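Now for the letters of each chain:
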Amino acid sequence: MQLINIGFGNIVSANRIIAIVSPESAPIKRMVQEAKDNGTAVDATYGRRTRAVLIMDSGHIILSAVQPETVAGRLDKEEIEEE
């Protein structure tokens, strides 16, 4: 199982990530609000501004305070090290 750091010591399973997106667009904001209402949102921002939204294959939405590019870079780095 491959794990990836999404900021502030929070780690998620990289194999379960479907998408890493910016929270700025209206459809993503609606998706995040629906997940909060349904109890499927995990806020890993430690009170900071949400900069990346991770959509998981389980239907959960994870909010992160690091940039989407940073999370993607960490994911790519892990894949290169595995090879």
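Counting from 1, residues in each chain are numbered in the order their sequence is written. In keeping with the predicted nature of the model, local features appear solely for residues at pLDDT of at least 70, side-chain atom pairs appear and are counted solely at 80 or more, and the whole-chain, interface and lining totals rest on all residues. Heavy atoms throughout the structure, all of them, feed into the side-chain values; hydrogens and water do not.

### Remarks on a nonpolar patch on the surface
So, point 1. Where nonpolar side chains cluster on the molecular surface, the patch consists of Met-1, Leu-3 and Ile-11 and spans about 370 Å² of accessible area.
So, point 2. A run of H or I in DSSP counts as a helix once it spans at least four residues, and a run of E counts as a strand once it spans at least two, with each numbered from the N terminus. Its place among the elements puts Leu-3 in strand β1 (residues 3–7).
So, point 3. Given a relative accessible area of 41%, Leu-3 falls into the partly exposed group. For patches, a residue must show more than 30% relative accessible area and have no salt bridge; joins then use 9 Å for like charges and 5 Å for nonpolar side chains, namely Val, Leu, Ile, Met, Phe, Trp and Tyr. Here, Shrake-Rupley sampling with a 1.4 Å probe gives the accessible areas, and only protein chains in the shown set may cover a residue. When a carboxyl oxygen of Asp or Glu is within 4 Å of a side-chain nitrogen of Lys or Arg, the pair counts as a salt bridge. Any residue under 20% of the maximum accessible area for its type is buried, any over 50% is exposed, and the rest in between are partly exposed; the area is computed with a 1.4 Å probe on protein chains only.

### Some thoughts on the environment of Gln-67
So, point 1. If you trace the backbone, Gln-67 turns up in the loop between β6 (61–64) and α2 (68–82).
So, point 2. Residues contacting Gln-67, with those up to four places away along its chain left out, are Arg-51 and Ala-52. Contact between two residues is taken to exist if any of their heavy atoms lie within 4.5 Å; hydrogens are not considered.

### Overview of the nonpolar core
So, point 1. By convention a nonpolar core is built from buried Ala, Val, Leu, Ile, Met, Phe, Trp, Tyr and Cys residues, the set being connected through side-chain atoms within 4.5 Å. Ile-4, Ile-6, Val-12, Leu-54 and Ile-62 are the most contacted members of the largest nonpolar core, which has 13 residues in total.
So, point 2. Ranked by residue count, the leading element in this core is strand β5 (residues 52–56), at three residues.
So, point 3. Setting aside anything within four residues of it in sequence, one finds Ile-4 in contact with Asn-10, Ile-11, Val-12, Ala-14, Ile-17, Val-71, Arg-74 and Leu-75.
So, point 4. If you look at the next biggest cluster of nonpolar residues, it comprises seven residues, including Val-32, Ala-35, Ile-61 and Leu-63.

### Points about the pattern of salt bridges
So, point 1. Evaluated as defined, the whole model comprises two salt bridges.
So, point 2. For Arg-49, the salt bridge identified is with Glu-24, shortest N-O distance 3.4 Å. One end of the pair, Arg-49, is in the loop between β4 (41–44) and β5; the other, Glu-24, is in the loop between β3 (17–21) and α1 (26–38), and 25 residues separate them in sequence.
So, point 3. A relative accessible area of 52% means that Arg-49 is categorised as exposed.
So, point 4. With a relative accessible area of 47%, Glu-24 lands in the partly exposed category.

### Regarding the sheet that holds β6
So, point 1. Strands pair, by our definition, only if DSSP identifies at least two bridges between them. Pairing in this open sheet of four strands is mixed, and the strands run β3-β5-β6-β4 from one edge to the other. Two strands bound the open sheet, and with one partner strand each, they are β3 and β4. Pairwise comparison of adjacent strand axes, ignoring direction, gives a mean angle of 20° for this sheet.
So, point 2. Across four bridges, the pairing between β5 and β6 is antiparallel. Bridged to Ala-52 within β6 is Ser-64. To obtain each axis, a line is fitted to C-alpha atoms, and for helices this fit is confined to the stretch in contact; angles are then taken between N-to-C directions over 0 to 180 degrees.

### Overview of the side chain of Thr-45
So, point 1. With respect to the helices and strands, the residue Thr-45 is situated in the loop between β4 and β5.
So, point 2. Under this definition, polar contacts are N or O atom pairs within 3.5 Å; protein pairs additionally need one hydrogen-donor-capable and one acceptor-capable atom, and for neighbouring residues in sequence, both atoms have to be side-chain atoms. Only 2.5 Å separates the side chain of Thr-45 from the side chain of Asp-43, close enough to count as a polar contact.
So, point 3. Non-local contacts of Thr-45, meaning those with residues more than four positions away in its chain, are made with Phe-8, Thr-50, Leu-63, Ser-64 and Ala-65.

These values are about where atoms sit, not about what they do.
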